[in-house]
Amino acid sequence: MSSSPERGLGGRVLVAGIGNIFLGDDGFGVETVRALAGRPLPGHVETVDIGVRGVHLAYQVLDGYDTLILVDATARGGAPGTLYVIEHDDTGAGGTEHAPLDGHRMTPDAVLALLGTLCAGTGGRPPRRTLVVGCEPACVEEGIGLSGPVSDAVAPAVRLIEELLGAPPEPGSRPLAGEAVK
């Protein structure tokens, strides 16, 4: 994965919130997509709360999207609440014909591997681009609710996704990829 996406995405776009709301900050993707779904978005954009249903996401993506944006808690070593935009690069991924199918461990990487397998079997095509909008978690242990820093990152993450989508800007500052949200 690399971290230099272009701004403004065309074609059909699916924004998918991923995570387990029963594991604290792991619910970041779900909460962010819920907030985003209440906002005016371009007609070519669809939002979905996937939660922990990764297999469902892989099958939904077969419906044909140019861009997939996964929103998830993403531990990369930054301060809790730090937002990241990561472009998934599947060049050299190879070997997707044996993607593991474990409904309890469908991480974004496993979903993308399964998607490759499904596309090969159905003649479908994966999205041209896959971006991950991630947030550094503070705690992913059992418990409902986001920590303070991650909860505070939801609104800036929504604005960041809107910026990626090329949605009309809202007054106020926009976080940059990798910028800590305080």
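As a convention, each chain's residues are numbered from 1 in the sequence order in which they are written. With the structure being a predicted model, the display of local features is reserved for residues of pLDDT at least 70 and the display and counting of side-chain atom pairs for 80 or more, all residues being used for whole-chain, interface and lining totals. Hydrogens and water molecules were not included; the side-chain quantities draw on all heavy atoms of the structure.

Engineer: Before we move on, can you summarise the pattern of salt bridges with the specific residues and values?
Structural biologist: Once the charged atoms of two side chains with opposite charge are near each other, the side chains can pair. By definition, a salt bridge exists where a carboxyl oxygen of Asp or Glu is found within 4 Å of a side-chain nitrogen of Lys or Arg. For the coordinates displayed, the defined rule picks out 5 salt bridges. The partner of R12 in a salt bridge is E46, with the nearest N and O atoms 3.8 Å apart. Separated by 34 residues along the polypeptide, R12 in the segment before β1 (13-18) and E46 in strand β2 (residues 45-51) bring together distant segments of the chain. The class for E46 is partly exposed, based on a relative accessible area of 31%. Of the charged contacts in the structure, one is a salt bridge between E87 and R129, with a shortest N-O distance of 3.0 Å. A residue pair is termed long-range when its members are at least 10 positions apart, and E87 in strand β4 (residues 83-87) and R129 in strand β5 (residues 129-135) qualify at 42 residues. A cluster of three or more residues bridged by salt bridges with shared partners is formed by E31, R34 and D49. Helix and strand definitions follow DSSP, with helices as H or I runs of at least four residues and strands as E runs of at least two, each counted in order from the N terminus. The buried label applies to any residue whose accessible area, calculated with a 1.4 Å probe on protein chains only, is under 20% of its type's maximum; exposed applies above 50%, and partly exposed to all values in between.

Engineer: So what's going on with the side chain of T74? Which residues, and what values?
Structural biologist: Structurally, T74 can be placed in the loop between β3 (67-73) and β4. Given a relative accessible area of 14%, T74 falls into the buried group. Here D72 takes part through its backbone oxygen, which lies 3.2 Å from a polar atom of the side chain of T74. Working rule for contacts: check all heavy atoms of both residues, and any pair within 4.5 Å makes them a contact. T74 has contacts with Y84, I86, V132, G134, C135, E136 and P137, leaving out every residue within four places of it along the chain. Here a polar contact means two N or O atoms within 3.5 Å. Within protein one must be a hydrogen donor candidate and the other an acceptor candidate, and residues neighboring in sequence count only if both atoms are side-chain atoms.

Engineer: Help me get a handle on the pairing of β1, residues and values and all.
Structural biologist: Extensive coverage of β1 is indicated by the burial of 6 of its 6 residues. Across the two faces of β1 the burial is the same, with V13, V15 and G17 and L14, A16 and I18 all buried. Regarding the hand of the β-α-β motif, the stretch spanning β1, helix α1 (residues 28-37) and β2 is right-handed. By the convention used here, strands pair only if DSSP detects at least 2 bridges between them. Note that β1 and β3 share 5 bridges and pair parallel. Counterpart to V13 in the pairing with β3 is T67. A clockwise course of the path from the first strand over the helix to the second, judged with the strands pointing away from the viewer, identifies a crossover as right-handed.

Engineer: How would you explain the nonpolar core if you had to name every residue and give the values?
Structural biologist: Buried Ala, Val, Leu, Ile, Met, Phe, Trp, Tyr and Cys residues that are joined via side-chain atoms within 4.5 Å together make up what is termed a nonpolar core. V15, F28, I69 and V71 are the most contacted members of the largest nonpolar core, which has 22 residues in total. Where this core is concerned, the elements lending two or more residues are β1, α1, β3, β4, β5 and α4 (148-165). Ranked by size, the runner-up nonpolar core spans 13 residues in total, among them V61, L68, L70 and V132.

Engineer: I'd like a rundown of the sheet that holds β1, residues and numbers included.
Structural biologist: Taken in spatial order, the 5 strands make up an open sheet running β2-β1-β3-β5-β4, and their pairing is mixed. Each having just a single partner strand, β2 and β4 make up the two edges of the open sheet. Taken pair by pair, the neighbouring strands of this sheet meet at an average axis angle of 20 degrees, ignoring direction. Judged from the 5 bridges that link them, β4 and β5 form a sheet pairing that is antiparallel. Directly across from L83, in β5, lies its bridge partner C135. Note on method: axes are straight lines fitted to C-alpha atoms, helices fitted across the in-contact stretch only, with angles between N-to-C directions ranging 0 to 180 degrees.

Engineer: Any details on the confidence of the model for the chain? Residues and values, ideally.
Structural biologist: Each residue gets a pLDDT score, which is the predictor's confidence in that residue and runs from 0 to 100. A residue-level look at the chain finds 65% of positions with pLDDT of 70 or above and a mean pLDDT of 77. Per-residue pLDDT, averaged within each element of the chain, yields its smallest value for helix α3 (residues 108-122) (66) and its largest for α4 (96). In the predicted structure, residues 169-182 sits below a pLDDT of 50 and forms 28 contacts with residues beyond four places in sequence or in another chain.

Engineer: How would you summarise the environment of E46 if you had to cite specific residues and measurements?
Structural biologist: With 33 residues separating them along the chain, E46 and V13 place their C-alpha atoms 6.2 Å apart. Not counting residues within four places of it along the chain, the set of residues in contact with E46 comprises R12, V13, L14, V15, Q60 and Y65.

Engineer: I'd like a description of the pairing of β5, backed by residues and values.
Structural biologist: In terms of burial, β5 is largely enclosed, as 7 of its 7 residues are buried. Bridge analysis of β3 against β5 gives 7 bridges, and the strand direction is parallel. Paired with D72 across the strands is G134, a residue of β5.

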